[in-house]
Amino acid sequence: MSWHSTYDFLRHMADSWGLLAMVLMWIAFALWPFRPGAKHHNDRAANMIFEDQNDGK
């Protein structure tokens, strides 16, 4: 196996499997805030702008 064919093989793997990996990660990141255990964190983030610096929270 020559260097050129190794490069082509690795490039093909990066083009196909790399794209699949990026799509799966994008889907995971897009759905992450909607998981059942995230409700408390989402509510806190949504109300954080209304908290005063001196309210003790």
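Residues numbered from 1 in each chain as written. Predicted model: local features only at pLDDT ≥ 70, side-chain atom pairs only at ≥ 80, totals over all residues. Heavy atoms only, no water.

Naming follows an unreviewed UniProt entry, where the chain appears as Cbb3-type cytochrome c oxidase subunit 3 of Alteraurantiacibacter palmitatis.

Caption draft 1: Molecular detail of the overall build of the chain. In terms of regular secondary structure, the chain is built from 2 helices and 0 strands. Considering the chain as a whole, with its 57 residues, one finds that 2% of them fall into the buried category. Taken as a whole, the chain presents about 5,600 Å² of accessible surface, with 69% of it coming from carbon and sulfur. (Helix = DSSP H or I, 4+ residues; strand = E, 2+ residues; numbered from the N terminus. Buried < 20%, exposed > 50% of the residue type's maximum accessible area, 1.4 Å probe, protein only. Areas by Shrake-Rupley, 256 points an atom, 1.4 Å probe, with all protein chains shown as cover.)

Caption draft 2: Here's a closer look at the pattern of salt bridges. Scanning all chains against the criterion turns up 3 salt bridges. Linking arginine 11 and aspartate 15 is a salt bridge whose minimum nitrogen-to-oxygen distance equals 3.9 Å. Taken together, the positions of arginine 11 and aspartate 15, both in helix α1 (residues 3-31) and 4 residues apart, correspond to about one turn of that helix. Using a relative accessible area of 48% as the deciding quantity, one classes aspartate 15 as partly exposed. (Salt bridge = Lys/Arg side-chain N within 4 Å of Asp/Glu carboxyl O.)

Caption draft 3: Layout of the UniProt feature "transmembrane region" (unreviewed entry) in the chain. Using the residue numbers shown here, the UniProt feature "transmembrane region" (unreviewed entry) corresponds to residues 16-34. Within residues 16-34, the helical portion is 84% and the strand portion 0%, while the C-alpha atoms at the span's ends are 28 Å from each other. (UniProt positions renumbered as here; feature names shortened; annotations may be inferred.)

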